[in-house]
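Chain by chain, the residues run as shown.
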Amino acid sequence: MSETTTLSLDRYAPDARALVAGAQALADERKHPEVQPLHLLVRALERDPGVVAVFRAAGVDVVELQSATERALGAIPKSNESAYLSAGMLDLLERAQREGERDRSEAVKVEHVLNALSQEIRGPAGEILGAHRVGPGSLRAHLGALHSVPRQLRRRESHGVTTERYTYDLVEDARQGRLDPVIGRDGEVRRLLTILERRQKSHPLLVGEPGVGKGAVIAALAQRIAAGDVPTSLAGVRLLELDSAALIAGTRLRSDVDERVRNLLASFSEGGPAMPILVARSVEQLFAQGPTGSTVGDLLKSPLARGELRMLATTTPEGLRKIADKDAAVLRYFTTLPVEEPSPDGAIEIVRGIASRYEERHQVEIGEGAIVASVRLAKRYVQDRFLPDSAIDLMDESAAAKRVNTDGVSPEADEAMRRLESLNAQIHSLNHSQDRTSQVARDKLVAEAQQLEPKVAELRSKMESRRGAVAAVRALSQELDAANKAREAAREGKDFARLGELEHVTIPDLEKRYKAAEEAARSSGALELSREVTEEDVAQTLAVWTGIPVAKMLEGEADKLLKMEQRLEQRVVGQDDAVGAMSRAVRRGRVGLRDPGKPIGSFLFLGPSGVGKTELGKALAEFLFDDELALTRLDMSEFMERHMAQRLIGAPPGYADSDQGGFLTEAVRRRPYSVLLFDEVEKAHQDVFNLLLQVLDDGRLTDGRGRLADFSNTVVIMTSNIGSLRILESDAKLFDSDEGREALRDVLLDELRQFFRPEFLNRIDDVVVFRALSKEHLRLIVDIQLRKLERLLADRRIKLALDEAAKTRLVDLGYDPPLGARPLRRAILREVQDPLAEALLSGSYPEGATINVTVEDGKFRFEKA
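All of the points below concern the structure found in this document.

Rules and cut-offs
- Residues numbered from 1 in each chain as written.
- Predicted model: local features only at pLDDT ≥ 70, side-chain atom pairs only at ≥ 80, totals over all residues.
- Heavy atoms only, no water.
- Helix = DSSP H or I, 4+ residues; strand = E, 2+ residues; numbered from the N terminus.
- Buried < 20%, exposed > 50% of the residue type's maximum accessible area, 1.4 Å probe, protein only.
- Contact = heavy atoms within 4.5 Å.
- Areas by Shrake-Rupley, 256 points an atom, 1.4 Å probe, with all protein chains shown as cover.
- Phe/Tyr/Trp six-rings, centres within 6.5 Å; stacked < 30°, edge-to-face > 60°.
- Pairing = 2+ DSSP bridges.
- Axes fitted to C-alpha atoms, helices over the stretch in contact; angles between N-to-C directions.

## Looking at the overall build of the chain
So, step 1. When its secondary structure is counted, the chain shows 35 helices and 20 strands.
So, step 2. Every one of the 865 residues in the chain was classed for burial, and the buried ones make up 45%.
So, step 3. Taking the intrachain contacts of the chain between residues at least 6 apart in sequence as the baseline, contacts between residues at least 24 apart amount to 74%.
So, step 4. Accessible surface computed for the chain: about 44,400 Å², of which carbon and sulfur atoms make up 48%.

Right, dumping it as structure tokens:
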């Protein structure tokens with residue numbers, strides 16, 4: 001088989017030999033079993049612009065020819081074996097040799113191969129050429145076009161396929177105006193130009209955190225090259241950004257990647273004095289571990305060292321460390337250029353400079369207040385990201401949200417329509433249910449849906465009217481802009497006939513129609529919605545991101561905060577001092593009158609067991625977020641050992657479970673605005689207190705993976721039973737005066753200093769002493785617990801009524817000062833809930849019944865009303 005499928009190419013010229021080798025490579029790439037004349041035709045049209053010129057001179061539609069050949073390639077069956085030369089391909093090559101001998105040429109050239117190819121009358125290639133009227137000898141008269149393309153250009157454009165496939169030109173993007181303006185990076189750009197002008201190590205490496213503006217520096221360089229504001233040696237240089245994914249896509253073996261990289265380097269090395277600059281973002285990926293990354297990096301080392309390749313790369317400090325750990329010698333080829341995060345004032349200038357691009361994209365107006373707020377709020381609350389990227393993202397999403405609200409469905413209409421859809425779906429599900437509970441629920445849903453339908457219909461009508469009016473105004477505005485541009489073009493081209501038509505007919509008519517559409521839109525209320533992005537819009541977007549309510553307080557929320565003590569006292573009884581201290585801290589944080597680098601408040605709760613220390617934390621979480629789950633509770637009895645303290649921040653890299661993060665840091669990262677409760681903190685290991693020192697002082701903590709967790713929007717509560725005996729022994733009247741409370745606090749601080757270190761106590765905002773509960777307090781707690789019990793009975797529609805004697809009896813049974821309110825809860829469970837459960841199981845009380853609970857001779861009696 002090998003004797004009939006191989007042929008020596010020694011007599012072939014380099015260009016002709018490259019075409020044949022390219023046909024072989026194409027067959028291997030497509031997994032075809034044979035190398036056919038079709039592969040040679042496809043490769044010739046792809047690689048050699050001179051061949052394209054010959055076919056065009058012969059009157060062939062080259063685009064249609066290439067499409068036909070591509071379709072024919074797709075129809076060839078695939079095989080896992082290596083491709084061999086087919087009989088048709090061998091015959092074609094022999095014909096090409098005879099063509100060379102006929103011309104008395106020393107070598108077989110591309111024109112000889114084309115003449116042989118035109119003689120193909122069988123197989124896919126012959127059919128395609130025949131369909132395009134290319135027959136034997138038809139190309140001979142047009143071979144002069146082959147030499148009309150300079151040889152150097154032919155070679156360069158053959159490599160251009162590789163360059164265009166794996167890179168894209170940033171300078172061309174700058175010429176087309178696709179890059180955003182760059183502001184405030186003049187120093188970095190001038191240093192970048194200086195490094196590129198160096199004789200050695202002229203490969204800049206931009207090092208900076210993600211989002212600080214490394215890409216903007218590269219964009220600024222591309223804009224300067226496009227404008228010609230660079231030294232003469234850089235004039236006309238192309239910045240080609242490497243597409244690493246495309247470079248390795250579809251490769252099966254390491255040799256495939258090698259070939260692609262070598263072809264890419266060959267195209268760069270032929271650039272001469274205007275050699276392109278390869279831009280590699282996240283360059284640590286090229287030099288990282290792994291079969292593909294290490295291959296690319298190894299092939300780039302030698303060209304970098306010899307100056308055969310010019311590279312501009314970016315990385316992060318962490319990426320720089322990875323490269324140094326793997327192969328520090330690579331860094332000697334580069335000159336490091338640090339890119340620091342801009343100051344807030346600098347970031348404001350950057351955001352202000354590109355705001356017009358976002359206004360054009362979202363069809364909104366971005367005010368100065370929104371620009372400043374996006375930077376200030378991003379700097380303060382989005383601390384795991386860097387300026388200006390975080391501020392730009394915040395402004396972008398705020399503008400997008402404004403576009404959705406004004407141009408799409410308003411929040412009010414969207415909420416009403418979605419609610420009606422939900423009601424209809426629920427009603428449909430209950431249509432086939434005949435039990436009484438389902439009927440009651442269905443009637444309730446139907447009544448709500450009937451009230452909502454007229455409102456939704458009205459909102460839909462207004463929305464459709466507004467959309468049509470806005471669309472008409474925008475369409476006419478675009479037509480008017482196009483007509484004005486055409487008028488300027490006609491004036492510059494001295495096309496006076498066209499100019500007169502535009503000025504006296506087209507533009508006046510468009511202006512008249514535009515004014516009419518604008519009046520119609522204004523009458524329908526479509527133009528009443530403000531399209532200006534304000535500071536409030538930015539704050540609302542940030543609240544969606546983080547859950548932190550930084551928007552301006554509405555009147556309802558302000559009233560809620562002013563009455564915070566009353567709300568908390570509905571759950572926590574008898575602890576006025578603690579409730580007041582918590583309320584004052586939350587109000588300070590909500591209006592911004594606090595240190596932004598520390599938690600909203602940090603408190604140490606002291607008191608006997610069961611007096612409401614943990615309950616106050618839960619009540620605060622429910623007050624702030626309407627959800628007790630917003631409370632992150634850590635029982636410090638689980639962190640008594642030294643190795644357990646590490647679980648708060650997570651294991652370092654390389655250790656087991658290092659990818660899971662820490663309990664504390666991950667909880668705060670998920671909910672930046674939350675309540676942290678460290679229960680029975682005195683039981684924790686000393687290392688836990690070392691971590692808490694940083695939380696209380698700096699409002700931040702670094703986890704085991706080096707990521708920062710921000711605690712500046714949390715309320716930190718620590719509970720302790722230290723000094724409980726002193727509190728129980730104290731006279732209850734001490735809590736009724738400020739002097740008495742201060743005296744008791746001083747006594748307790750002496751005990752605290754014996755256990756906690758002074759630097760820990762000094763970082764706590766307030767030490768709050770919880771008083772022991774009296775019977776009067778327990779009487780109020782009975783009502784709270786009974787309300788919870790009634791909520792449990794709500795599904796059965798059963799009401800529970802205890803007279804005053806029964807409630808007093810529960811207080812007597814549950815009064816135990818050292819144990820607080822927990823004995824009362826057990827008394828209610830034993831005396832009320834257990835008998836009630838047995839009665840419900842026996843069917844003694846039907847749905848809708850009211851149960852009266854009284855006391856006779858110390859026994860509780862249950863009677864149906």
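## Topic: the packing of aromatic side chains
So, step 1. Tallied over the full model, the rule gives 7 aromatic pairs.
So, step 2. Ring geometry for Phe605 versus Phe770: centroids 4.8 Å apart, planes at 55°, classification tilted. Placement of Phe605 in strand β11 (residues 601–606) and of Phe770 in the loop between β17 (766–769) and α33 (775–792) is noted, with a sequence separation of 165 residues between them.
So, step 3. Under the relative-accessibility criterion, Phe605 is labelled buried at 0%.
So, step 4. Judged by relative accessible area, which is 0%, Phe770 ranks as buried.
So, step 5. Ring geometry for Phe639 and Phe663: centres 6.5 Å apart, planes at 80°, overall edge-to-face. Residue Phe639 is found in the loop between β12 (631–635) and α27 (642–645), and its partner Phe663 is found in helix α28 (residues 663–670); the two are separated by 24 residues along the sequence.
So, step 6. Judged by its relative accessible area of 38%, Phe663 is partly exposed.
So, step 7. Members of the aromatic cluster, each reached through a chain of ring pairs, are Phe689, Phe755, Phe756 and Phe760.

## Things to note about the pairing of strand β20 (residues 859–864)
If a strand is regular, its side chains alternate between the two faces of the sheet.
So, step 1. Relative to β20, strand β19 (residues 850–856) runs antiparallel, the two being bridged by 6 bridges. Residue Val853 lies in a different strand from β20, and its bridge partner there is Phe862.
So, step 2. Hairpin connection, β19 to β20: the antiparallel pair is bridged by 2 residues, and Asp857 has positive phi, about 55°.

## Quick notes on the sheet that holds strand β6 (residues 277–280)
So, step 1. The sheet built from 6 strands is open, its strands ordered β3-β5-β6-β7-β4-β8 with mixed pairing. Because the sheet does not close on itself, it has two edges, and the strands there are β3 (167–169) and β8 (334–338). When strand polarity is set aside, the average angle formed by the axes of neighbouring strands in this sheet is 25°.
So, step 2. As judged from the 3 bridges shared by β3 and strand β5 (residues 239–242), these two strands associate in the antiparallel manner.

## A short note on α28
So, step 1. When α28 is considered as a whole, its buried residues turn out to be Leu664, Thr665, Glu666, Ala667 and Val668.
So, step 2. Against β12, β13 (674–679), β14 (700–702), β15 (708–710) and β16 (714–720) lie the buried residues of α28.

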